[in-house]
Amino acid sequence: MRGEVTMSDQLRESVSALMDGEADELELRRLLSRQDMDSTNRVWSRFHLARDVMQDQYHSVAFKHLDISAQVSEAIKQERPPTQKSIAPQWWRPAAGFAVAASVAAALVFSVQPTGLLEQGQSQSVVAAAEVTANNELAVNTPVPQSGRVYPVQGASLQASGGGGAVIYSAPLLPGRVAESQDLANKEARARLDKYLLRHTERAVRANGQGMIPFARVASFEVE
Amino acid sequence: MTKSYFFIPAFGCQSGRTWRCLLALVIYFVCSLTSAEADIDASSEPAVLLERMSTSFHTMDYQGSFTLQQEGSVESFRVAHAVIDGKEYERLEYMDGDRREIIRRGDKLNCFNVGHRPVKFSQFQQNLKLGELVRTGIDSFYQFSVENGDRIAGRQTLTLSVSPKDTHRYGYKLSLDTETGLLLRTELIGDRDKVLERFQFVDITFNPTVSLAYFQADIQPDSRPGGTTRLDADSELIPAWTVGWLPAGYAEVELGEGDTANDMLSFTDGLSVFSVFLEPEDKSVSGRDVGEGNAQRGATAAVSKTVMLSGHAHRVTVVGEIPLPTAQQIAHSVTLSADG
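Residues numbered from 1 in each chain as written. Chains lettered and ligands numbered in written order. Predicted model: local features only at pLDDT ≥ 70, side-chain atom pairs only at ≥ 80, totals over all residues.

Examining the overall build of chain A
Here is the rule: A helix here means a DSSP run of H or I that spans at least four residues, while a strand means a run of E at least two residues long, and both kinds are numbered starting from the N terminus. Field definition: a residue is buried when 20 or more other C-beta atoms are found within 10 Å of its C-beta, exposed when 12 or fewer are, and partly exposed for counts in between, with C-beta atoms placed from the backbone. Note that contacts rest on C-beta atoms placed from the backbone: two residues are in contact if these are within 7 Å.
Scanning chain A from terminus to terminus reveals seven helices and one strand. Helices (α) and strands (β) of chain A occur, in sequence order from the N terminus, as α-α-α-α-β-α-α-α. The buried share among the 224 residues of chain A stands at 30%. Here the analysis covers contacts within chain A between residues at least 6 apart in sequence; of these, 64% occur between residues at least 24 apart.

Right, here's the structure in full:
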C-alpha cells in the first residue's frame, strides 16, 4: 500500500519533470522501462490535460479524442424531424398532473382516446400515463386559509371519460402514419383552442374591465 | 336683466358677465365631479377604484408599451387608445413573432394577421360596470385591500389586492395609476400565491397626439376574396343546452348586439371570465377524436371533454381564467336545458 503510493508519487514526479524538460536521461529511461505503461500513460495525459486547461488550450487539444459534437450531431440526425412546422408559438401546454407522458411530447396538446390508434395495431407505442378511476369523481373543494391559498389538486379528476380510461399518447414516440395523424389531431385541437380563446377573449374584454389587455393572451388569430 | 344675459354678448352689462362667470364655474364643478375625478389614494373605496379602472380604459387617451409574462415567457405589445369625436379608437400591436394587430373603431373590432383574413367580431360593447358588480356582491367572493404601490412605467401607483374567498377564482393584484386610475400592472395569483400571469406597462404617455390614421391596419391581410372571417358558428345542430353547475357569484355575460352564437356561453364574476363551448363531435376534420384533455397557459385553462346530449356525442370545451379543477367541474355539468 505504502509502496504503491510512493511509486505513483515517483511516477508523477518523473512525468512532471519530463514535461518541464527537467528530466535527465536516467529519469527518462526509468520512466520508459516501467512495467505499468497504463498508469504512465494515464498520468501523462492527465498532466497534459491539466496544463492545457491552465493554458486554455483544451479546445484544440485535450478533448480531441472525445468528439462530443460529432456524437451530438449524430444523435440529432437520428432524431425524427419535427413533423409540424408551427407558425404559432407552442403556447398551449398540457396542464400539470396530466403531463407525465405528455411532457415528452412538446407538440402534444390534447390526449387522444385509445380507440383510433388501437385499430392500427400500434398499441405497443402507446404510453399509458394517467391513472384510471372508474367514477370520474371531481376534485372536492376544501376550505382553505386565506393566504397561501391551496387550490384542489390538479389532476385529481383528469381521467378521460367514455369508460375508456385515460391514455396519453406521446407524439414523438409514435411511428409513421400514426404520428402524422396524431400531429394533425394536435394541430386541429390547437386550432380549435385558439379559436375558442379568441371568442372567449372577445367577451372577456367586454366583461372584465381591463381594456384590451385580455387580447394579449391570444397568441394566434389563424382561424379560417 | 335675464334677457340681457341671454342675448347680449360678453361685453354686455356688468351683471350679465357675473352670471356667465357663475355658470362657467358651475359647469366646471359639475364636470370635475363627473368625468375628471380626483386622484385616488390608499383611502379610496375598492368599488370606486374598480370603477375608475374600468372607465379609464375607455375615457383616457393613452399610448404605451406593455409586457405579458406567463410563467416562462414574456411578450411585448404596443397599445394606443383615443376618444375622437366621442368615438373610441383602440389599437393593439403584437411586437413579437408574427405581425398581428387588433383594431377597434367604435363598436367595430377586427383582428389582422399577415396572410390571413381579418377576423371580425360581433359588435363591441362595454356592458358591465364593475362598480355596480361590487355593490351587488362581488365582495362576497373577493376580499379587497388597498395600499400605496410601486412606481410602474414611471408613474406612481396604488395597489388593489383582490383575494378570492373560495377556490373557484384567482386572486389579483391590480396597480392603478394614482392620477388617472388606469391599470398599469395586473398580477394573476394562483395556487400558493404563485403569480400565473403578469401584465405590466413599460412606458405610457397620456394624451398623446394620435390621429385617426393611426387606427388603420398596417398589416395587409389575405387579399383573396372572401372578406372577413366571422368567428360565431351559429349551428342548427346544437341543441338547447346549459351548464348544470356554476361556481357561486358567476353570472352570464351580457351579449353584444349581433352576438347570437348558440354554441357558446360566457360567465363572469366581475373580474374572472370563462366561456363554455359546445360542438357536435363529428365536426373533427381528420375524423379523429381529439376531444379530451386539459391545457393551460399562464392563467388560462382549457378543458375539453365528450358528453352525450340527446343521443349524440358533443365536445364541451371550457376556456377561461379560472382554476383548472373548476373548469373541469363546469365541463362535467353541461346538460340539455330544461326547455330544450
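Moving on from the model shown.
Regarding the overall build of chain B
When helices and strands are tallied, chain B shows five helices and 20 strands. For chain B, the residues scored as buried account for 43% of the 340 residues in total. Within chain B, contacts between residues at least 6 apart in sequence are counted, and of these 55% link residues at least 24 apart.

Examining the pairing of strand E17 (residues 293–297) of chain B
All names here are of chain B. So the rule is basically this: Strand pairing follows a simple DSSP-based rule, namely that at least 2 bridges must link the two strands.
Burial of E17 is extensive: five of the five residues sit out of reach of the surface. Burial along E17 is two-sided: the residues Gly 293, Ala 295 and Arg 297 and Asn 294 and Gln 296 are all buried. Of the strand pairs in this sheet, E17 and strand E18 (residues 300–309) are connected by five bridges, and their pairing is antiparallel. Following the sheet pairing, Arg 297 is matched in E18 by Thr 300. Taking the residues between adjacent antiparallel strands as the criterion, E17 and E18 are bridged by two residues, where Gly 298 takes a positive phi near 55°.

Overview of the nonpolar core
Heads up, the rule is: For our purposes the nonpolar core covers buried Ala, Val, Leu, Ile, Met, Phe, Trp, Tyr and Cys residues that link as a set through C-beta atoms within 7 Å.
Residues Leu176(B), Val276(B), Val318(B), Ala327(B) and Val334(B) are the most contacted members of the largest nonpolar core, which totals 84 residues. Top contributing element to this core by residue count: helix H7 (residues 176–207) of chain A, with eight residues. What Val318(B) contacts, discounting residues up to four positions off in sequence, is Phe274(B), Val276(B), Ala302(B), Val303(B), Ala327(B), Ile330(B) and Ala331(B).

Quick notes on the environment of Gly270(B)
All names here are of chain B. By secondary structure assignment, the location of Gly 270 is in the loop between strand E15 (264–268) and strand E16 (273–280). Given 28 C-beta atoms within 10 Å, Gly 270 falls into the buried group. In this structure the C-alpha to C-alpha distance between Gly 270 and Ala 251, which are 19 residues apart in sequence, comes to 8.7 Å.

With respect to the pairing of strand E3 (residues 87–94) of chain B
All names here are of chain B. Where strand E2 (residues 73–84) lies against E3, eight bridges are found, and the strand directions are antiparallel. Bridging across to E3, Ala 82 finds its partner in Tyr 89. Counting the residues in the hairpin turn of E2 and E3 gives two residues, including Asp 85, whose phi is positive at 50°. Pairing of E3 with strand E4 (residues 100–105) involves six bridges; the strand directions are antiparallel. Each residue of the ladder has a partner; that of Glu 90, found in E4, is Arg 104. Counted along the chain from E3 to the antiparallel partner E4, the turn is five residues long, and its residue Gly 97 has a positive phi close to 70°.

Topic: the environment of Thr55(B)
Residue and element names in this part refer to chain B. Mapped onto the elements, Thr 55 comes out in helix H3 (residues 46–59). The class of Thr 55 is partly exposed, set by 19 C-beta atoms lying within 10 Å. Along the chain, Thr 55 and Gly 181 lie 126 residues apart, while their C-alpha atoms are 8.6 Å from each other.

Some details on the confidence of the model for chain B
Residues and elements named next belong to chain B. Convention followed: Per residue, pLDDT captures the predictor's confidence, and it can take any value from 0 to 100.
Per-residue confidence for chain B gives a mean pLDDT of 81, with 76% of residues at or over 70. In the predicted structure, residues 1–13 sits below a pLDDT of 50 and forms 10 contacts with residues beyond four places in sequence or in another chain. A low-confidence stretch, residues 31–35 (pLDDT under 50), is modelled with two contacts involving residues beyond four sequence positions or located in other chains. Overall fold confidence (pTM) sits at 0.63, and the ipTM for the predicted complex is 0.82.

Considering the confidence of the model for chain A
Residue and element names in this part refer to chain A. For chain A, mean pLDDT is 58; residues scoring 70 or higher make up 39% of the total. pLDDT under 50 marks residues 96–147. Its contacts with residues more than four places away, or in other chains, come to 119 contacts. Considering only residues more than four positions removed or in separate chains, one finds that residues 154–176, a stretch of pLDDT under 50, has 82 contacts.

So, helix H5 (residues 324–332) of chain B
Residues and elements named next belong to chain B. Judged by how many residues are buried, H5 sits mostly within the fold: nine of nine residues are covered. Among the residues of H5, Leu 324, Pro 325, Thr 326, Ala 327, Gln 328, Gln 329, Ile 330, Ala 331 and His 332 are the ones counted as buried. Looking at the buried residues of H5, the elements they touch are strand E13 (241–243), E16, E17, E18, strand E19 (312–320) and strand E20 (334–336).

Re unusual backbone geometry
Residues and elements named next belong to chain B. Notably, Ala 153 is not glycine yet its phi reads approximately 50°, a positive angle. Residue placement: Ala 153 occurs in the loop between strand E7 (142–152) and strand E8 (155–164). You can call Ala 153 partly exposed: it has 19 C-beta atoms within 10 Å. Backbone geometry at Asp 193 places phi at a positive 60°, although glycine is not the residue there. Structurally, the position occupied by Asp 193 is in the loop between strand E10 (183–189) and strand E11 (195–206). Among the residues examined, Asp 193 registers 13 C-beta atoms within 10 Å and is labelled partly exposed.

Topic: the environment of Ser65(B)
Residues and elements named next belong to chain B. Here Ser 65 is to be found in strand E1 (residues 62–70). Separated by 27 residues in the primary sequence, Ser 65 and Leu 92 place their C-alpha atoms 9.5 Å from one another. Discounting chain neighbours no more than four positions away, the residues touching Ser 65 are Ser 76, Phe 77, Arg 78, Val 202 and Asp 203.

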